[in-house]
Amino acid sequence: MILHIYFARRFAMAFLYLTGIFYAIIMLFDLLDQTRKFSAFGVTLRQRIELTFLNVPEAINLILPLIIFFATIVLFLGLARSSELVVTRAAGRSAIRALMAPLVVALIVGVLAVSMLNPIVAATSKRYASLAETYRSGGASALSISFEGLWLRQGNLDGQTVIRAARSNADASVLYDVTFIDFAGESGPIRRTEAASAALGDGEWSLRQAKVWPLVSGLNPEGNAATHEILKVPSTLTLDSIRESLGTPSSISIWDMQYFINQLEQSGFSARRHKVWFQTELARPLFLMAMVLVASAFTMHHTRFGGTGTAVLSAILMGFGVYFIRSFAQILGENGQIPIALAAWAPPIAAICLALGPLLHSEDG
């Protein structure tokens, strides 16, 4: 038990050390990127630093498997150089048992990443997106989804328009059972428009079977209402901005993901991307353990046998290969090419089986 605690402490220290290094590097490059993006909008240095702090957690969460992977390499190279791994095996401790402590630490990190880091990343990502949109356009557009339908807001310097729709098609290009309420500055609503559908084109909404009520003091709204078979309404929104307003799956806390998926499906949007992300997050602890096994399969040997550089290079290539396959499977799952469960759970299970082969072979000869 003392040996397990020793290995776990060494692995945890390597993980924390590498996390700090990656955090500092990402902070530097992200600050430069925020300066490039927002220097033309008059964003101050303090605001750019705030954006950087909000954006870095998502990057750390994304590369967490690679940090675990490199921490495993650092651990076993250190044990090999000090001959501690040889002494451990000479004492009768097998390679598989020596891996138990790093695997447990990776499992704990994975559980904490899913249960705690994921909600933190979701909150910082939302705040970053909100601030970035505010700095770019003054917060001209927003989207909210509920079981009652979806709500959009578009606007310019002259006023705001609130849009409510019962549902939409899968790519949000057409809204059904739509209501537009126009606001002029601080004077309140000035116009209400209802339509059977609204299709978003280049800089305008195309409303079908629309009816417009003026909401001006002194006018009878119903008496002055007008109907239109086709009505064009200017818009500052684009399809890309609406889809971005939905938020990336990483901006949704895993504790709220199932509820959000239900809302998306109720509103007519495709939730497959979010379902794949949800299952991938649940499989994250298993994937982190797989990265430990992949790295250890190439580095659990003594340096006096030579070939350390080749082994490390092979481990890195294999680690990045597994990471790429996981990302590729996730894309296939989002596009509907493979089942969701297969996209999320097959890569870590396959990586574990792939790494156990060399480990068992080196153990049993």
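Residues numbered from 1 in each chain as written. Predicted model: local features only at pLDDT ≥ 70, side-chain atom pairs only at ≥ 80, totals over all residues. Heavy atoms only, no water.

This next bit is on the overall build of the protein chain. Looking only at helices and strands, the protein chain features 12 helices and seven strands. Taking all 365 residues of the protein chain together, the buried fraction comes to 45%. Restricting the contact set of the protein chain to residue pairs at least 6 apart, pairs at least 24 apart contribute 63%. A total of about 18,200 Å² of accessible surface is found on the protein chain, and carbon and sulfur atoms cover 64% of it. (Helix = DSSP H or I, 4+ residues; strand = E, 2+ residues; numbered from the N terminus. Buried < 20%, exposed > 50% of the residue type's maximum accessible area, 1.4 Å probe, protein only. Contact = heavy atoms within 4.5 Å. Areas by Shrake-Rupley, 256 points an atom, 1.4 Å probe, with all protein chains shown as cover.)

A few words on the nonpolar core. Counting 50 residues, the largest nonpolar core has Ile 68 and Leu 99 as its most contacted members. Sort the elements by how many residues they give to this core and helix α3 (residues 64–81) lands first, with 11 residues. Excluding residues that lie within four positions of it along the chain, Ile 68 makes contacts with Phe 11, Phe 15, Val 109, Leu 288, Met 291 and Val 292. Within the second largest apolar cluster, 19 residues are counted, among which are Ala 165, Ala 172, Ala 198 and Leu 207. (Core = buried A, V, L, I, M, F, W, Y, C linked by side-chain atoms within 4.5 Å.)

Right, let's get into the pattern of salt bridges. A full pass over the atoms with the stated rule returns eight salt bridges. Here Lys 37 ties to Asp 33 by a salt bridge, and the two come within 3.3 Å at their closest N and O atoms. A residue pair is termed a helical-turn pair when its members lie 3 or 4 positions apart in one helix, as Lys 37 and Asp 33 do in helix α1 (residues 2–38) at four residues. Beyond isolated ion pairs, a larger network of salt bridges with shared partners links Asp 33, Arg 36 and Lys 37. (Salt bridge = Lys/Arg side-chain N within 4 Å of Asp/Glu carboxyl O.)

With that settled, the discussion passes to the packing of aromatic side chains. What the rule picks out here adds up to six aromatic pairs. Where Tyr 6 meets Phe 7, the ring centres are 5.9 Å apart and the plane angle is 45 degrees; that geometry is what we call tilted. Tyr 6 gets classed as partly exposed once you look at its relative accessible area, which sits at 23%. The lysine or arginine in question, Arg 192, covers the ring of Trp 213, its NZ or CZ lying 5.8 Å from the ring centre. (Phe/Tyr/Trp six-rings, centres within 6.5 Å; stacked < 30°, edge-to-face > 60°. Lys NZ or Arg CZ within 6 Å of the ring centre and 35° of its normal.)

Positioned with a positive phi, Asp 177 is a non-glycine residue whose angle comes to about 50 degrees. For Asp 177, the location among the structural elements is in strand β4 (residues 174–183). You will see that Gln 209, though not glycine, has its phi angle at about 55 degrees, which is positive. Relative to the helices and strands, Gln 209 is located in strand β6 (residues 204–214). Owing to a relative accessible area of 45%, Gln 209 belongs among the partly exposed residues under this scheme.

Side chains on a regular strand alternate between the two faces of the sheet. Where strand β3 (residues 159–168) meets β4, eight bridges bridge the pair, whose relative direction is antiparallel. Along β4, the bridge assignment pairs Arg 164 with Thr 179. (Pairing = 2+ DSSP bridges.)

Right, let's talk about the side chain of Asp 30 for a bit. When you line up the elements, Asp 30 lands in helix α1. Look at Asp 30: it is buried, it has no salt bridge, and the nearest opposite charge is Lys 37 at 6.4 Å. In this view, Asp 30 contacts Leu 51, Thr 52, Asn 55 and Val 56; residues no more than four positions away in its chain are not counted. (Lys, Arg positive; Asp, Glu negative; His and termini not counted.)

The residue Pro 214 is located in strand β6 in this model. You can call Pro 214 buried: its relative accessible area is 16%. Sequence spacing of Pro 214 and Thr 193 is 21 residues, and the spatial spacing of their C-alpha atoms is 8.7 Å.

A surface patch of nonpolar side chains, about 650 Å² in accessible area, is lined by Tyr 17, Ile 21, Ile 25, Leu 28, Phe 29 and Leu 32. Secondary-structure assignment places Tyr 17 in helix α1. (Patch = residues over 30% accessible without salt bridge, like charges linked within 9 Å, V, L, I, M, F, W, Y side chains within 5 Å.)

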